[in-house]
Amino acid sequence: MALAAVAALCSGAGAGRLTVNGLPVVSGSFSILYVHSVYKAPSAEVFTVEGRRFTMRAVVSADESVLDYYALDGTRTRTPDGAWVLRLATPATYEELSLLTTSIGRRTLASGGRCLHLYPASGAARVRLDVETRLDVRSEPCGPAYSQSFFLKTVYSHTDAAAVRIRDAQKPHCWPSPG
């Protein structure tokens, strides 16, 4: 399942594009895709962007236990594709966010069908996420590891809570085994 959400905002001649770590922000939102370390389930955190701040609005996963793991209040629903969605009662807003990334969890930024891998080839790395305007954007089409997996494609709308949805769902066992 693949997760993609984010819209390209362009300010004008030479001003650059709004990005998260160089990944262009599409439709004012982006997602962090990952394989949950305990439940081995494809999952995603869905964020919206306002100015230089970003807010986590929802968690999406193939396994409802991932939502329990977060231990956050919110509304749970199930998509027609069978994925679980937790819309946070109190969204969390950040100016920057520090993450530990590994090749096992495969944390990846996704937006508008483009991906930016945050994880190292082996071991672990600390990555800081922030929103900035950049001329040199980075990303690639979400590649074979995602097209062959349970890839979440998530869209979040401030005004339409029902807009979190899953498309192109495949069976979770198609995700390449970690490590």
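### Quick look at the pattern of salt bridges
Counted according to the given criterion, the structure contains 7 salt bridges. Among the salt bridges present, the one from Glu50 reaches Arg57, with a minimum N-O distance of 3.4 Å. For Arg57, a relative accessible area of 17% translates into the label buried. Asp136 is the partner of Arg134 in a salt bridge, and the nearest nitrogen-oxygen pair spans 2.9 Å. For Asp136, a relative accessible area of 46% translates into the label partly exposed. Through salt bridges that share partners, Glu64, Asp68 and Arg76 make up one connected network.

### Thoughts on the sheet that holds strand S12 (residues 140-141)
Taken in spatial order, the 8 strands line up as S6-S7-S5-S4-S3-S9-S10-S12 in an open sheet, and their pairing is antiparallel. Since the sheet does not close on itself, it has two edges, and those belong to strand S6 (74-78) and S12, each with one partner. Direction of pairing for strand S4 (residues 42-50) relative to strand S5 (residues 53-61): antiparallel, over a ladder of 8 bridges. Note on S5: the bridge partner recorded for Ala44 is Val60.

### Side note on a nonpolar patch on the surface
A cluster of nonpolar side chains, Val38, Tyr39 and Tyr69, forms an exposed patch at the surface whose accessible area comes to about 300 Å². Tracing the backbone shows Tyr69 in helix H1 (residues 64-70).

Definitions and cut-offs
- Here the residue numbers are simple positions, counted from 1 along each chain's written sequence.
- Given that the model is predicted, a residue must reach a pLDDT of at least 70 before its local features are reported, and side-chain atom pairs must reach 80 or more before they are shown or counted; all residues, however, enter totals for whole chains, interfaces and linings.
- Side-chain metrics rest on all non-hydrogen atoms present in the structure, leaving aside hydrogens and water.
- Whenever Lys or Arg places a side-chain nitrogen within 4 Å of a carboxyl oxygen from Asp or Glu, that contact is recorded as a salt bridge.
- The cut-offs for exposure are 20% and 50% of the maximum accessible area for each residue type, with area from a 1.4 Å probe on protein chains only; residues under the lower value are buried, those over the upper are exposed, and the others partly exposed.
- One bridge is not enough; two strands pair if DSSP finds at least two bridges between them.
- In DSSP terms, a helix is any run of H or I states spanning at least four residues, a strand is any run of E spanning at least two, and both are numbered starting from the N terminus.
- Each patch is built from salt-bridge-free residues with over 30% relative accessible area, joining like charges within 9 Å and nonpolar side chains (Val, Leu, Ile, Met, Phe, Trp, Tyr) within 5 Å.
- Residue exposure ignores everything except the shown protein chains as possible cover, and the areas themselves are Shrake-Rupley values with a 1.4 Å probe.

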